[in-house]
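# Coordinate inspection notes
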Amino acid sequence: MPVDNDHVLIVGAGQSGLAAAHAALEQGLRPVLLESSDRAAGSWPRYYDSLALFSPARYSSLPGMAFDGDPERYPRRDEVVAYLERYAAALAERGAELRTGARVEAVRPSNEHGERGFLVRLTDGRELTAPALIAATGSFDRPHRPVLPGLDTFTGPVLHVADYRRPASLPGERVVVVGAGNSAVQVAHELAAERRVTLAGRAPIRFVEQRPLGRDLHFWFRATGFDRLPLARAEAPPASPVLDDGRYRRALREGRYARRTMFTRLDGDHVVWPDGGRERVDAVLLATGYRPNLSYLADLGALTADGHPRQRHGRSLTHPGLGYLGLEWQRTPSSNTLRGVGSDARRVVAALTRHPRTRG
């Protein structure tokens, strides 16, 4: 089922895909969103129950629709899901088309729309063509599970934070959380209310004050322009600090959970620490981040050998009609967040519309 020249195909209908659809409508295009799940909320419904945004509602909305309620609150997971579904409904009223249950299997070049468009094949065998494609599957759909020595010998469960919902998700009394970022600290703090918890990481935890001088950090990001600051090209994005209103550092000081340098290996039901000490543990939780979920572009030749997109600030370096959204540190520090993806979406869609194939 081909689409017309004024259509743009968007893979993913989470926050990045919805921001792309909004930007496409602003440019007079008709966006078609291909969403593998049954709803337009991206990865948010699958996050742990207690997750809250790190930025207040005032700074956390997509273009054209603010969060309702207290603008200074930190919306929780289910609030964000409801917000995204309302946003998708508003886009549909303006002409965006959302196709749920549409998982993209592969993308290949197509000459149907001129010099080089895109042929998109879904897992159910359907095919679509379009002159422009935006890969908006973001940064949170492919959990990174590092290779850890002895992991195959560990007798307890090993979960990624993507599979964690609440403390009952993990059995036993002794848990090691691997990581040093926001999710690792938040979950360790939550588990510590009823378990013995150790945070294990290769680098120290870097805490940043959530409300310096009485204002949320994101107020200062906006006031100083930090959130809009283009990034220098780098081989890998820098590690994000842990935003803390004081509770996490206080709990660490009081010994409610511990922090240790990364263990050297797992052995049966034990971890072995760098000093040679052994400690029995019941479960391991990996808060080790995510990688871009872009395997459907492999046949297009748009990815590096390790599956990362060949792109610069969201514009493909291999295919002029291909764009990306929601990648971590894609263009600015806020590129893969609710507060920042809208700005990136406008730039990426504008770059695609300047290419003559998109207009037909």
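As shown above, the structure is provided for reference.
Just so we're clear, the structure is a prediction, and the values are computed from it rather than from any experiment. (Residues numbered from 1 in each chain as written. Predicted model: local features only at pLDDT ≥ 70, side-chain atom pairs only at ≥ 80, totals over all residues. Heavy atoms only, no water.)

## Comments concerning helix α1 (residues 15–26)
Worth spelling out the cut-off: Helix and strand assignments come from DSSP, with helices taken as H or I runs of at least 4 residues and strands as E runs of at least 2, each series counted from the N terminus. Expected helix span is taken as 1.5 Å per residue step, with the number of steps being one fewer than the number of residues. Each residue's exposure class comes from its accessible area (1.4 Å probe, protein chains only) as a fraction of the maximum for that residue type: buried when under 20%, exposed when over 50%, partly exposed otherwise.
Spanning twelve residues, α1 covers 17 Å between terminal C-alpha atoms, matching the ideal 16 Å at 1.5 Å per step. Along α1, the residues that are buried comprise Q15, S16, G17, L18, A19, A20, A21, H22, A23, A24 and L25. G28 sits one or two positions beyond α1 and adopts a positive phi of about 80 degrees.

## Here we look at the packing of aromatic side chains
Pairs of aromatic rings are described using the distance from one ring centre to the other and the angle between the two planes. Using the following cut-off: Only the six-membered ring of Trp is used, alongside the rings of Phe and Tyr, when aromatic pairs are assigned; centres must lie within 6.5 Å, and planes under 30 degrees apart are stacked while those over 60 apart are edge-to-face, with the rest tilted.
Taken as a whole and judged by the stated rule, the model has eight aromatic pairs. Ring geometry for W44 and Y47: centres 5.1 Å apart, planes at 75 degrees, overall edge-to-face. Take Y47: its relative accessible area is 12%, and that puts it in the buried class. Aromatic side chains F219 and W220 sit 4.8 Å apart centroid to centroid with 80 degrees between the ring planes, which places their arrangement in the edge-to-face category. Here F219 falls in the partly exposed class, since its relative accessible area comes to 23%. Aromatic rings pair up to connect W44, Y47, F140 and Y290 into one cluster.

## Some words on the packing of α1 against helix α6 (residues 341–353)
To keep it simple, the criterion reads: Each axis is a line fitted through C-alpha atoms, taken for helices only over the stretch in contact, and angles between the N-to-C directions span 0 to 180 degrees. Any angle from 65 to 115 degrees is called roughly perpendicular, while one under 35 is roughly parallel, one over 145 is roughly antiparallel, and all others are oblique. For a crossing to be left-handed, the near helix must be turned anticlockwise from the far one by less than a right angle; the clockwise case is right-handed. Any pair of residues with heavy atoms lying within 4.5 Å of one another is described as a contacting pair. Residues are grouped as follows: Ala, Val, Leu, Ile, Met, Phe, Trp, Tyr, Cys and Pro are nonpolar; Asp, Glu, Lys and Arg are charged; all remaining types, including Gly, are polar.
Where α1 meets α6, the axes come as close as 8 Å, and the angle between the chain directions of the two elements is 50 degrees. Judged on the interaxial angle alone, α6 and α1 are oblique. Here α1 and α6 pass one another in a crossing that is right-handed. For the pair α1 and α6, contact is made by Q15, S16, A19, A20, A23, A24 and E26 and by V341, G342, A345, R346 and V349, respectively. Across the contact of α1 with α6, the residue classes break down as seven nonpolar, three polar and two charged.

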